[in-house]
Amino acid sequence: MSDVTRRDSLRLLAGGAAFIGLGGATSISQKLMAQPLDTNGNEKSALIVVDVQNDFVPGGSLAVKGGDEVVPLINQLSKQFKNVVITQDWHNKGHASFASSYPGKKPFETTELYYGTQVLWPDHCVQGSKGAELVKGLDIPHAQLIIRKGFHPNIDSYSGFFEADRETPTGLQNYLKERGITTLYVVGLATDFCVAWTAMDGVTSGFNVTVIEDATRAIDLNGSLAAAWKAMSEKGVSRIQSTSVLA
Ligand code: VGL
Ligand code: ZN
């Protein structure tokens, strides 16, 4: 049994404990039998696979060091989950987050946009380009939704839930809620940008959120990785290693 299902069975037991007072010990097994656990991951949990795209792995225009290393692990983890959602950074040419859109600006400098300070990136994940494609080795045929983000020309979007203006929704929150999902495990690229923002917005959106650290890699720009872990921890995001999820 995986830890995901184990944890959910503990939750069921906790529910059963409230039951003891009413109906006696046999009620626990009755309750467990009435709600058999799903051996292929839990219906209420989803794995969110963030931006595992060619431009974010070595050889790509915004390569994350070791970005390709997480692919086999994410494939393996995905088998523990009935529900998998993939996010895909998906920018128009000339997007507001590209340094090339501002004369005299270089990648990794910042600029002020109407919603705040924006890091300027090399052109990446341009709609329809090779760089925007999911990494070929990513093997999750049972993924149910690919949610694209960052397609509004004037707004960046690190998070899978809300764009960088913190207002424009991608639709992911209601998709997950309508599907009865309550618990999210977040993996992918990059830990300190799209993974962190997705995880924190997941909490804001009312989900229990855990980042599986060894299934992520970071850009780490001026201390951004440490800052992201601090912010995630303060927000209530849990941090685990894949060994506690894998069977
Ligand atoms: C990302 C920078 C720009 C990410 C996306 O996926 O973390 N980072 N766009
Ligand atoms: Zn981007």
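Residues numbered from 1 in each chain as written. Chains lettered and ligands numbered in written order. Predicted model: local features only at pLDDT ≥ 70, side-chain atom pairs only at ≥ 80, totals over all residues. Heavy atoms only, no water.

Student: Describe the site of ligand 1, and please don't skip the residues or the numbers.
Tutor: If you check the shell around ligand 1, you find Asp51, Phe56, Leu62, Asp89, Trp121, His124, Tyr158, Leu189, Ala190, Phe193, Cys194 and Ile219 and nothing else. The separation between an oxygen atom of ligand 1 and a polar side-chain atom of aspartate 51 is 2.7 Å. Measuring from a nitrogen atom of ligand 1, one finds a side-chain N or O atom of aspartate 89 at 3.0 Å. Bound to the protein, ligand 1 loses 100% of the 260 Å² it would expose on its own. (Near = heavy atom within 4 Å. Polar contact = N/O pair within 3.5 Å; in protein donor to acceptor, adjacent residues only side chain to side chain. Areas by Shrake-Rupley, 256 points an atom, 1.4 Å probe, with all protein chains shown as cover.)

Student: I'd like to hear about the pattern of salt bridges, residue by residue, with values.
Tutor: Enumeration over the complete set of coordinates arrives at eight salt bridges. We note a salt bridge from glutamate 43 to lysine 82, for which the minimum N-O separation is 3.7 Å. With glutamate 43 in the loop between helix H2 (26-34) and strand E1 (45-50) and lysine 82 in the loop between helix H3 (70-78) and strand E2 (83-89), the pair connects residues that are 39 residues apart, well separated along the chain. The exposure class of glutamate 43 is partly exposed, given its relative accessible area of 42%. Here glutamate 234 makes a salt bridge to lysine 230, at a shortest N to O gap of 3.0 Å. Of this pair, glutamate 234 and lysine 230 both sit in helix H6 (residues 224-235), four residues apart, which is roughly one turn of the helix. In the salt-bridge network here, residues are joined through shared partners; they are Asp51, Asp89 and Lys149. (Salt bridge = Lys/Arg side-chain N within 4 Å of Asp/Glu carboxyl O. Helix = DSSP H or I, 4+ residues; strand = E, 2+ residues; numbered from the N terminus. Buried < 20%, exposed > 50% of the residue type's maximum accessible area, 1.4 Å probe, protein only.)

Student: Please provide a residue-by-residue account of the coordination of the zinc ion (ligand 2), values included.
Tutor: Summarising the metal site, the zinc ion (ligand 2) is bound by the protein donors Asp89 (OD), His91 (NE2) and His124 (NE2), whose distances to it range over 2.0 to 2.2 Å. With four donor atoms in place around the zinc ion (ligand 2) and angles of 88 to 171° between them, the coordination shape is irregular. (Donors = N, O, S within 2.8 Å, 3.2 Å for Na, K, Ca; no water. Tetrahedral: all angles 85-135°; square planar, octahedral: opposite > 155°, others 65-115°.)

Student: Residue-level account of the environment of glycine 180, with values.
Tutor: On the secondary structure map, glycine 180 appears in the loop between helix H4 (172-178) and strand E6 (183-189). Judged by relative accessible area, glycine 180 falls into the partly exposed class, the value being 33%. Residues glycine 180 and serine 45, 135 residues apart in the sequence, show an inter-C-alpha distance of 8.9 Å.

Student: Go over the sheet that holds E1 with me, naming the residues and quoting the values.
Tutor: Read across the open sheet, the six strands follow the order E5-E2-E1-E6-E7-E8; overall the sheet is parallel. Bordering the open sheet on either side are strand E5 (145-149) and strand E8 (238-240), each of which pairs with just one other strand. Pairs of neighbouring strands in the sheet enclose a mean axial angle of 25°, with direction left out of account. Here E1 pairs with E2 via five bridges, running parallel. Looking across to E2, one finds that valine 49 is bridged to isoleucine 86. (Pairing = 2+ DSSP bridges. Axes fitted to C-alpha atoms, helices over the stretch in contact; angles between N-to-C directions.)

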